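Descriptive structure summary
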Amino acid sequence: MSEEHTEQEVHICRGCCGAGENEVTEPEAVETEDFEAEDLEAEAPETAEGEAQEKITVTTGMDLQGSHFIYTQTTEKSIKTLDYDYKRCNGCGICAEICPTKALEMGPLHEIATGLDAPAVMMDLEKCTFCRMCSNLCPVHAITFEAVGEIPDEKRYPKYDAFVKINEKCLPCALCEGACPQDAIEVEFTFPKKEEIAPLKEGAEGEIEIDTEKCNFCGICARFCDAFILLEREPTPDNPVPFEQILVDEDKCDYCVLCQDICPEEAIKVKGERPCEAPKVEGNVKVDELKCTQCARCKTVCPYEAIDLQKPMEGGLDLIETNLKECDPQGCRGCFNVCPSKLWYVPTDPEDPRKIAFAADFCTYCGACVKACHLDAIKVERTDVHHTDIPDAPWAAQWRDAIESLKTGVRKGVDRAIPRETETLKAQKFMGITPPGVDEEMLAAVQAKLEALMPALRSAKVRKLWETDSPKNAAAAVKKKIEG
């Protein structure tokens, strides 16, 4: 189901970080009869010949397609699209923190992290200049940018220099695919199965043994022969290996010895008759760049050092012990839910006094867990940002400041020397529609009612009652919360 909202507005480009149509080489003006000549001259410098500036009409719109908010900006020269998938967004807040025009606003992140189905980020289209900063620096690829028309090459805009590359040491095997928390890795084996080169020989006799000390659960034998059963397990932060045991169904085994030949760890011993030469282990490993967050789980489980990886950011993750007294990881699980690396866990050792723990090696330092924790018990520091070069361009300073702010937490923003009131330029005026008036007293009364209601809405018990009990009981609980 799709909902669509389109707003047409003729407005002046704000001139920040290469946003809007100021990416075009020539200066631009606004197509409207309400601006005087001096207004246009104040917004952009005069041309060398003093000629009239090029006029351009900007139309913005928003469409909702499933979990995707599709924002568009259309002019005579280009069509730009920002696709925000709120289901993929983990609420790290980086996009809102670096936005040069403050067009992005964060929602109730703790409530979203603990189950509220709502977008963590909302956009003000009147402020957005489609500069692509949010999409290029989103660590989980929840925002993507596309454009057609007269636009600068995408290489002129920096992005994270982060990657997962499979090198020549890869066999391949099945470990990385099963360990990836984002389902970003796909392994395709291209060597033939045993039944294709040596069909099952009924009544064959022999012996087969697996050395569990040598076996690393690479899964090659199970891919090759149906006699092997590889038992899967749910990877955990303290043990990301996706398999826990390997068994042999001897009713399907004819002791052909071929599994022994292909095992890279020499963990299989077979007494039997070899019908042919074993195939060479071959295949392909594909990494989906839009799903991959470079958490390093794949690199951790790979026994052959076949993965080269660089995270988007470096830093540190820590817990603030003094704020952990009320931590309830079984009830809250906010940090668990938002972490793309799935690095949080509850220690099971009865002698371990910690309420909550994490596997630091998997952290990508996005900071979503910090936003999700209502106790302010989590701390993330960023010490470095891996990014591509920032070319010499009019908007380069804004990108440098944005990237630096990921480490410092301080965003200088955009200095707009010429503030301009644009309310008269809204589409309603050109459509002959008069905006409705606002009763300030009634508005204040409604806001007061909403503020009184917020404590009840923030209560997890009330929300659960609202979802599971009758409307009457839920209303009584809300009333009690407000009054008490």
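Residues numbered from 1 in each chain as written. Predicted model: local features only at pLDDT ≥ 70, side-chain atom pairs only at ≥ 80, totals over all residues. Heavy atoms only, no water.

So, the overall build of the chain
- Check the secondary structure of the chain and you find 16 helices and 21 strands.
- Residues counted as buried form 44% of the 484 residues belonging to the chain.
- For the chain, restricting intrachain contacts to residue pairs at least 6 apart in sequence, the fraction spanning at least 24 positions comes to 69%.
- For the chain, the accessible surface area stands at approximately 27,400 Å², while carbon and sulfur atoms represent 49% of it. (Helix = DSSP H or I, 4+ residues; strand = E, 2+ residues; numbered from the N terminus. Buried < 20%, exposed > 50% of the residue type's maximum accessible area, 1.4 Å probe, protein only. Contact = heavy atoms within 4.5 Å. Areas by Shrake-Rupley, 256 points an atom, 1.4 Å probe, with all protein chains shown as cover.)

With respect to the pattern of salt bridges
- With the rule as written, the count across this model stands at 12 salt bridges.
- The partner of K407 in a salt bridge is E404, with the nearest N and O atoms 3.5 Å apart. Separated by three residues within a single helix, K407 and E404 lie in helix α12 (residues 396-408), roughly one turn from each other.
- Judged by its relative accessible area of 32%, K407 is partly exposed. (Salt bridge = Lys/Arg side-chain N within 4 Å of Asp/Glu carboxyl O.)

A few points about the pairing of strand β5 (residues 68-74)
- Bridge analysis of strand β4 (residues 59-65) against β5 gives seven bridges, and the strand direction is antiparallel. Residue M62 lies in a different strand from β5, and its bridge partner there is Y71.
- The antiparallel pairing of β4 with β5 creates a hairpin that spans two residues between the two strands, and G66 there sits at a positive phi of about 65°.
- Pairing between β5 and strand β6 (residues 78-85): seven bridges, direction antiparallel. Note that in β6 the partner of Y71 across the bridge is L82.
- Taking the residues between adjacent antiparallel strands as the criterion, β5 and β6 are bridged by three residues. (Pairing = 2+ DSSP bridges.)

Here we look at unusual backbone geometry
- The residue after L171, namely P172, is reached through a cis peptide bond having omega 10°.
- Within the secondary structure layout, P172 lies in the loop between β10 (163-166) and α5 (175-179).
- Despite not being glycine, D376 has its phi angle at roughly 55°, a positive value.

Focus on the side chain of H386
- Along the polypeptide, H386 turns up in the loop between β21 (378-385) and α12.
- Not counting the four nearest positions on each side in its chain, H386 is found in contact with K159, Y160, D161, Q310, K311, P312, M313 and E314.

Some details on the confidence of the model for the chain
- Averaged over all residues, the pLDDT of the chain is 85; the fraction at 70 or higher stands at 84%.
- Between residues 1-51, whose pLDDT stays under 50, and residues either more than four places distant or in other chains, the model counts 124 contacts.
- A low-confidence stretch, residues 416-431 (pLDDT under 50), is modelled with 24 contacts involving residues beyond four sequence positions or located in other chains. (pLDDT = per-residue confidence, 0-100.)

Details of the environment of G107
- Looking at where G107 falls in the secondary structure, it is placed in the loop between β7 (104-106) and α3 (109-113).
- Sequence separation between G107 and V121 is 14 residues; the distance between their C-alpha atoms is 5.9 Å.

Focus on the nonpolar core
- Of all hydrophobic cores here, the largest spans 51 residues; its most connected members are I208, F228 and I268.
- Not counting chain neighbours up to four residues away, the residues in contact with F228 comprise I208, I210, C221, A222, I246, L247, V248, C259 and I268.
- Grouped together as the second largest cluster of nonpolar side chains are 42 residues, C92, Y365, V385 and A393 included. (Core = buried A, V, L, I, M, F, W, Y, C linked by side-chain atoms within 4.5 Å.)

Concerning a nonpolar patch on the surface
- On the surface, a cluster of nonpolar side chains totalling about 290 Å² of accessible area is made up of M442, V446 and L450.
- The residue L450 is located in helix α14 (residues 440-458) in this model. (Patch = residues over 30% accessible without salt bridge, like charges linked within 9 Å, V, L, I, M, F, W, Y side chains within 5 Å.)

Quick notes on the packing of α14 against helix α16 (residues 471-483)
- One way to put it is that α14 packs onto α16 with a least axis distance of 9 Å and a crossing angle of 115°. It follows that α14 is roughly perpendicular to α16 by the angle criterion. The way α14 lies across α16 gives a crossing that is right-handed. Contact with α14, carried on its side by A452, L453, P455 and A456, involves V478, K481 and I482 of α16 and no other residues of that element. (Axes fitted to C-alpha atoms, helices over the stretch in contact; angles between N-to-C directions. Parallel < 35°, antiparallel > 145°, perpendicular 65-115°, else oblique. Left-handed = near helix turned anticlockwise from the far one by under 90°.)

Brief notes about the pairing of strand β17 (residues 307-310)
- Residues I307 and L309 of β17 are buried on one face, while the alternating residues D308 and Q310, pointing to the opposite face, are not.
- Here four bridges tie β10 to β17, and the two strands are oriented antiparallel to one another. Of the residues in β17, the one forming a bridge with K165 is D308.

What about a negative patch on the surface?
- Together, E177, D183, E186 and E188 make up a region of like negative charge exposed at the surface.
- Note on placement: E188 falls in strand β11 (residues 185-189). (Lys, Arg positive; Asp, Glu negative; His and termini not counted. Charge placed at Lys NZ, Arg CZ, Asp CG, Glu CD.)

Observations regarding the packing of α14 against helix α15 (residues 460-468)
- It is at 5 Å that the axes of α14 and α15 come closest, and there the two elements cross at 80°. As judged from the angle between their axes, α14 and α15 are roughly perpendicular. Contacts between α14 and α15 involve A456, L457 and R458 from the former and A460, V462, R463 and W466 from the latter.
- Looking at the contact of α14 with α15 residue by residue, the class counts come to five nonpolar, no polar and two charged. (Nonpolar A, V, L, I, M, F, W, Y, C, P; charged D, E, K, R; others polar.)

Digging into α12
- In this model, α12 (13 residues) spans 18 Å end to end at C-alpha, consistent with the 18 Å of a helix rising 1.5 Å per residue.
- By the burial criterion, the buried members of α12 are A396, Q398, W399, D401, A402, I403, S405 and L406.
- Tucked inside the fold, the buried residues of α12 contact α2 (94-98), α4 (133-136), β18 (313-319) and β21.
- Looking one or two residues past α12, G409 carries a phi angle of roughly 80°, positive in sign. (Expected span 1.5 Å × (residues − 1).)

So, the side chain of D401
- In this fold, D401 is placed in helix α12.
- A polar side-chain atom of D401 sits 2.3 Å from a polar atom in the side chain of R411.
- A distance of 3.1 Å separates the side chain of D401 from the backbone nitrogen of K412, its partner in a polar contact. (Polar contact = N/O pair within 3.5 Å; in protein donor to acceptor, adjacent residues only side chain to side chain.)

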